[in-house]
Amino acid sequence: MASKTQSNVAAEFLTRNTNRKSFVIQNEDTTDTIFVKAERSENTTVSTTDHDHRLGPGGALAINDLNDGKQAIISRWTAVASANTPRISFFETEDIAR
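Owing to the predicted nature of the structure, the values given are computational and were not obtained by experimental measurement.

## A closer look at the sheet that holds strand β2 (residues 11-14)
Reading across from one edge, β2-β7-β4-β5 is the order of the four strands in this open sheet, with antiparallel pairing throughout. Only two strands of the sheet have a single neighbouring strand rather than two, namely β2 and β5 (53-55). Averaged over all pairs of adjacent strands, the angle between strand axes in this sheet comes to 35 degrees, irrespective of strand direction.

Pasting the structure below:
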């Protein structure tokens, strides 16, 4: 699983990928919240008031194409922290052999 710290400035953590089958992200922090969003445009718009999911301390989000649809999976995903620089981890699977 890859991981990185997320600041309170919006940033992309998963690029758009038409081969993606599933992904999971987890907020590894014990005190701070992370907000995530599937971006539908070129601009990064995620914020503490404009987001798709709120991941509280230790929270996780798992999405796959069978349950959530292809559009949710292939989107570009961005995140922003409520404060400080919490660590997020993420893992994705693809429907392609490399």
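## Quick word on the nonpolar core
One broad trend across soluble globular proteins is that nonpolar side chains are buried collectively. Counting 15 residues, the largest nonpolar core has Phe13, Phe23, Ile25, Val36, Leu61 and Trp77 as the members making the most contacts within it. Where this core is concerned, the elements lending two or more residues are β2, β3 (20-27), β4 (34-39), β6 (60-64), β7 (76-81) and β8 (87-94). For this core, the leading source of residues is β4, giving three residues. Setting aside anything within four residues of it in sequence, one finds phenylalanine 23 in contact with Leu14, Leu61, Ala62, Ile63, Ala72, Ile73, Trp77, Phe91 and Glu92.

About the cut-offs
- Residues numbered from 1 in each chain as written.
- Predicted model: local features only at pLDDT ≥ 70, side-chain atom pairs only at ≥ 80, totals over all residues.
- Heavy atoms only, no water.
- Pairing = 2+ DSSP bridges.
- Helix = DSSP H or I, 4+ residues; strand = E, 2+ residues; numbered from the N terminus.
- Axes fitted to C-alpha atoms, helices over the stretch in contact; angles between N-to-C directions.
- Core = buried A, V, L, I, M, F, W, Y, C linked by side-chain atoms within 4.5 Å.
- Buried < 20%, exposed > 50% of the residue type's maximum accessible area, 1.4 Å probe, protein only.
- Contact = heavy atoms within 4.5 Å.

Interpretation note: all reported values are geometric properties and have no functional meaning in isolation.
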